[in-house]
Amino acid sequence: MAIAMEVIFNETEHVPASSVEAPTYRLGRDLDASGSRTGPVLATGLPAELLGEIFSYYQGLQYPRNAWIIVTHICTYWRIVARSTPRLWSVIYVGRDLARLHAYLQYSQNVPLDISFHRDVPDRPAVMDAIIPHASRIFSMDISHAAVHKMLPHLDFCMPALESLSMRLLPDNVSDEDGENGVPWWTYCFTRTANQFPRLCTLSLTAVDIPLTSQVFTSLVHLDLRYVHPKVRSSMNVFLDVLDRCPGLETLTLHNSAPPIGEPHPLRRSSLTQLRAIDVLDKSTNISYLLNHLVIPSKAYMQFEIIFSPVSFLMQQRRMLSTTFPPDKRFIEPFGELRNVLLILTSPFMKIVASATPDDVRVDNRKAFLFFPNASNLSSSSIYEDVGELFAASPVSSLEVRGDMRSPSAHQWRTLFAGFPCLEHLRVSADVSPHELIYALGTEGTEGAVCPGLKTLLMENFSYGSDGWAPASELTSALWHRAERGMRLESLTIVTLFAEHARRLAAGEGIMLLREVVGTLDIRSIET
């Protein structure tokens with residue numbers, strides 16, 4: 001939205017809002033004979049402090065953030081209040097209008113500044129001449145897109161109050177000739193000087209490299225590195241040095257930026273005692289190499305996503321989990337806290353969501369672990385074994401499996417369940433035949449019955465089938481077999497796709513016996 005600023009910016013006399021008495025008006029409106037309002041609006045009589053709060057709230061709702069400036073065109077009183085509210089002018093989007101920049105710097109008075117460069121600035125020397133005198137007030141700076149490579153040489157001055165620095169060159173539409181695995185060949189280097197940003201606690205870089213050998217990384221709380229080209233990535237030893245110098249680090253994001261493989265000698269680990277979240281996107285081997293050198297506390301939320309190189313993409317990813325997570329998971333403490341696992345198998349990706357409490361599986365921002373590789377040729381034959389091995393050391397009590405995968409065999413179900421010896425609650429939400437699942441639960445393998453502590457079973461999208469199969473009989477036989485061995489289900493819920501299937505199932509042979517081998521039985525359909 002283009003707003004005419006000259007009326008505001010050309011007024012040289014500054015009148016504080018406190019010296020202007022707000023007009024007082026009655027609540028009613030004066031109407032003329034035609035019904036048009038002739039009296040003033042009530043909002044013009046609000047106290048300056050309250051009106052300033054309303055303007056600040058309105059500013060937070062607008063995009064771009066400077067669209068709020070329209071309120072200064074309503075009346076003189078509103079304009080005076082706006083000019084006397086410094087925080088309204090503290091968020092500055094630097095562009096081509098130098099008058100606007102000077103006005104924001106003037107009216108913001110002494111409050112901390114949040115400055116953003118989202119486009120190329122033609123007159124960079126004039127812009128920097130205006131900003132540098134206010135460098136002690138800058139607490140946040142965001143440089144993105146075309147402004148990055150042209151503004152970097154000018155960031156050679158000290159900003160003692162700077163707490164957050166973000167520089168982003170988004171690698172959109174990177175072709176094979178431009179980069180590798182989505183990582184651009186062009187990565188700009190940003191060099192800091194000692195004590196330039198002594199209070200910096202949040203650093204976010206996208207396709208911008210910063211030498212990690214600098215000793216100035218001591219107060220980082222949030223570190224976000226994305227699309228750093230492999231040729232300029234720091235070694236694991238250098239990266240661990242940075243982590244060791246930042247004991248208060250709470251969030252760590254590495255997208256295509258993990259240190260290259262090259263074993264440090266001797267093997268060392270960095271303990272991230274304050275870490276609350278780690279988010280890594282890279283090749284499985286790079287993720288594994290990184291995790292093998294970190295001690296992640298149990299309170300941390302973990303998110304991992306695998307990308308595939310052109311060579312590995314053509315191969316069957318038989319053991320993607322075991323190649324992603326190192327065999328020794330003692331240093332990944334959240335695995336010991338996980339109680340609930342959601343496994344989603346939907347082409348072309350697999351997704352695992354795990355958490356410490358049941359509600360966390362449903363709420364994305366509360367989950368403790370998220371993992372998803374993306375490839376169209378995932379080998380489903382090894383997924384079940386891989387998932388079982390991943391959580392074998394975790395006391396998981398709740399498992400949900402959903403997706404549109406091909407019906408797993410009884411062996412695959414048993415292989416999956418073998419990794420969950422403490423399982424108490426099982427939910428299968430997939431349009432698959434229940435034959436193999438029921439057979440796996442009702443028979444004993446070489447290692448005995450699976451899920452001996454299973455208490456509740458819920459099967460959704462239950463396929464009755466058109467071959468005349470009576471599922472109640474087979475299910476009754478399997479559950480009767482478990483009940484005889486002291487593994488009686490407390491609750492069984494079957495949800496069919498259609499109401500007719502639910503009625504046929506409820507009236508099928510052996511349904512009375514089925515009610516005797518479970519605590520409670522609920523048969524219903526998705527169809528209303």
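Residues numbered from 1 in each chain as written. Predicted model: local features only at pLDDT ≥ 70, side-chain atom pairs only at ≥ 80, totals over all residues. Heavy atoms only, no water.

Turning next to the environment of D522. Mapped onto the elements of the fold, D522 is located in strand β25 (residues 518-525). Note on D522: relative accessible area 31%, which makes it partly exposed. Put simply, D522 and T493 are 29 residues apart on the chain and 4.7 Å apart in space, counted from C-alpha to C-alpha. (Helix = DSSP H or I, 4+ residues; strand = E, 2+ residues; numbered from the N terminus. Buried < 20%, exposed > 50% of the residue type's maximum accessible area, 1.4 Å probe, protein only.)

On to the pairing of strand β3 (residues 138-144), then. The side chains of a regular strand alternate between both faces of the sheet. Of all seven residues that make up β3, six are buried, and the element is covered over most of its length. Of the strand pairs in this sheet, strand β2 (residues 113-117) and β3 are connected by five bridges, and their pairing is parallel. Bridge pairing in β3 places F117 opposite I143. Relative to strand β4 (residues 164-168), β3 is paired through five bridges, and the arrangement is parallel. Paired with S144 across the bridge in β4 is R168. (Pairing = 2+ DSSP bridges.)

This brings us to unusual backbone geometry. The phi angle at Q109 is positive, at roughly 55°, despite the residue not being glycine. In this structure, C451 is a non-glycine residue whose phi angle is positive, near 50°.

Helix α14 (residues 435-442) packs onto helix α13 (residues 410-418) with a crossing angle of 55° between their chain directions and a minimal axis gap of 8 Å. With respect to their mutual orientation, α13 and α14 come out oblique. Crossing of α13 over α14 shows right-handed handedness. Each of A410, W413, R414 and F417 in α13 lies in contact with α14, whose residues at this interface are E436, L437, Y439, A440 and L441. Considering only residue class, the contact of α13 with α14 consists of seven nonpolar, no polar and two charged. (Axes fitted to C-alpha atoms, helices over the stretch in contact; angles between N-to-C directions. Parallel < 35°, antiparallel > 145°, perpendicular 65-115°, else oblique. Left-handed = near helix turned anticlockwise from the far one by under 90°. Contact = heavy atoms within 4.5 Å. Nonpolar A, V, L, I, M, F, W, Y, C, P; charged D, E, K, R; others polar.)

This part is about the packing of aromatic side chains. One pass over the full model with this rule turns up 14 aromatic pairs. For the ring pair F325 and F335, a centre distance of 5.7 Å and an interplane angle of 80° mean the geometry is edge-to-face. Of this pair, F325 sits in the loop between α10 (320-324) and β16 (340-346) while F335 sits in the loop between α10 and β16, and the two are 10 residues apart along the sequence. No difference in accessibility class separates F325 from F335, as the two residues are buried. Seen in terms of ring centroids, W413 and F417 are 5.7 Å apart; in terms of plane orientation they differ by 20°. Their pairing is stacked. Note that W413 and F417 are positioned in helix α13 at a spacing of four residues, about one turn of the helix. Take W413: its relative accessible area is 1%, and that puts it in the buried class. (Phe/Tyr/Trp six-rings, centres within 6.5 Å; stacked < 30°, edge-to-face > 60°.)

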